[in-house]
Amino acid sequence: MIIIATPVLIFIFGLLIGSFLNVCIFRIPLKKTIVKGRSYCPSCNSPIPWYCNIPLFSYIFLKGRCRNCKEKISLIYPTVELLNAVLYLLIWKVYGLTVPAIFFAALFSILVIISFIDFKYQIIPDGLVLTILILGVANGIYQTTVLNVPWYNWVVGFFAASVPLLILGLIFPEGMGGGDIKLMAATGLFIGWKLILLSLFIGALYGGIVSIFVILVKKGSLKTALPFGPMLSLGIVTCVLTGNQLLSWYLSIFL
Ligand SMILES: [Zn+2]
């Protein structure tokens, strides 16, 4: 019974947090409060009753349309909820029900908010990066004191990916956003120098693949602005979930 119940509970918890992430994604760029205020339909402004605001399921029952004005509900809402729930399940699969798993779940959720905001507005809000930094310090203190991970792992992590990006940004001021550099500094402190360097490498790889796709399929030019934040976030998620296996595979090629 418990074996079946745990993933189901984690999935539901992920959906509920995902619902809050939507509030953050839609309100933070407009500088609106995320802690109070009821949900309203963005088209007709009618308040959304709780039974029409159940993550994922309401979207399915309402067939993706507002109950009142029948305007289409953005597909971003169910996507974010489902994405967050799947990410929580993957963390649980890799890390189990542990303290680091809780820290990583928080990190992934903030990365989901950052990715959707960066994709839409090409900005990474400082408050979100600062939240990663504070959680990263707490995670570092826990892992160093309880799990005996050396403290310099986190300090070196702060600089490992951010300094190369900073230098790149100074050489090509057009290409690199300050938000990306700050994100990699805060996340580097959170996950340590090995994983953040690998994240940068994999994030750049994703960015390259997406760029080629945009140029070939969408007939965009190289100048088509491609937010780097979602690619870096995807790189970080990949590394946190598979990084240790990836690192040993990578090292086994050379050793
Ligand atoms: Zn409406």
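Conventions we followed
Residues numbered from 1 in each chain as written. Predicted model: local features only at pLDDT ≥ 70, side-chain atom pairs only at ≥ 80, totals over all residues. Heavy atoms only, no water. Helix = DSSP H or I, 4+ residues; strand = E, 2+ residues; numbered from the N terminus. Rg over C-alpha atoms; globule rule 2.2 N^0.38 Å. Buried < 20%, exposed > 50% of the residue type's maximum accessible area, 1.4 Å probe, protein only. Contact = heavy atoms within 4.5 Å. Areas by Shrake-Rupley, 256 points an atom, 1.4 Å probe, with all protein chains shown as cover. Lys, Arg positive; Asp, Glu negative; His and termini not counted. Charge placed at Lys NZ, Arg CZ, Asp CG, Glu CD. Arc of directions from axis to C-beta. Donors = N, O, S within 2.8 Å, 3.2 Å for Na, K, Ca; no water. Tetrahedral: all angles 85-135°; square planar, octahedral: opposite > 155°, others 65-115°. Axes fitted to C-alpha atoms, helices over the stretch in contact; angles between N-to-C directions. Parallel < 35°, antiparallel > 145°, perpendicular 65-115°, else oblique. Nonpolar A, V, L, I, M, F, W, Y, C, P; charged D, E, K, R; others polar. Domains from an automatic or database assignment. Buried area = accessible area lost by both parts, 1.4 Å probe. Salt bridge = Lys/Arg side-chain N within 4 Å of Asp/Glu carboxyl O.

Secondary structure summary: the protein chain contains 10 helices and 0 strands in total. Helices and strands in the protein chain line up, N terminus first, as α-α-α-α-α-α-α-α-α-α. Taking 2.2 N^0.38 as the reference for a compact globule, 255 residues should give roughly 18 Å; the C-alpha atoms of the protein chain span a radius of gyration of 19 Å, in line with that estimate. When burial is assessed residue by residue, the protein chain has 39% of its 255 residues classed as buried. Contacts in the protein chain between residues at least 24 apart in sequence constitute 68% of all its contacts with a sequence separation of at least 6. With an accessible surface of roughly 14,900 Å², the protein chain has 74% of that area assigned to carbon and sulfur atoms. Counting 17 positive and 6 negative side-chain charges, the protein chain places the averaged centre of each group 11 Å from the other.

Moving on, we come to helix α7 (residues 162-171). Within the span of α7, buried status applies to Ser162, Leu165 and Gly169. One side of α7 holds all its buried residues, which, seen down the axis, span an arc of 65°. Exposed residues on α7 whose side chains face more than 90 degrees from its buried face are Leu170 and Ile171. Contacts made by the buried residues of α7 are with α6 (152-160), α8 (178-191) and α9 (193-216).

Now for the coordination of the zinc ion. Bound to the zinc ion on the protein side are Cys41 (SG), Cys44 (SG), Cys66 (SG) and Cys69 (SG), at distances that span 2.3 Å. Because the angles between the 4 donor atoms bound to the zinc ion fall within 103 to 118°, the donor set is best described as tetrahedral. Written as a sequence motif, the donor residues of the zinc ion are C-x2-C-x21-C-x2-C.

Looking now at the packing of α6 against α7. Where α6 contacts α7, the axes come no closer than 5 Å and their chain directions differ by 15°. Between α6 and α7, the angle is such that the two are roughly parallel. Together, Phe158, Phe159 and Ala160 of α6 and Ser162, Val163 and Pro164 of α7 make up the contact between the two elements. Tallied by class, the residues present in the contact of α6 with α7 amount to 5 nonpolar, 1 polar and no charged.

You can read the domains of the protein chain as domain 1 (1-97) and domain 2 (99-255). The distance between the C-alpha centroids of domain 1 and domain 2 comes to 25 Å. Three residues, Ile25, Ile91 and Tyr95, lead the burial of domain 1 against domain 2; their summed loss comes to 33% of the area buried on that side. At the junction of domain 1 and domain 2, the tally comes to 0 salt bridges. Mapped by element, the contributors of at least two residues to the side of domain 1 that touches domain 2 are α1 (2-27) and α3 (76-95). Take the side of domain 1 that touches domain 2: its biggest share by element is 11 residues, from α3. A per-class count over the side of domain 1 that touches domain 2 returns 17 nonpolar, 3 polar and no charged.

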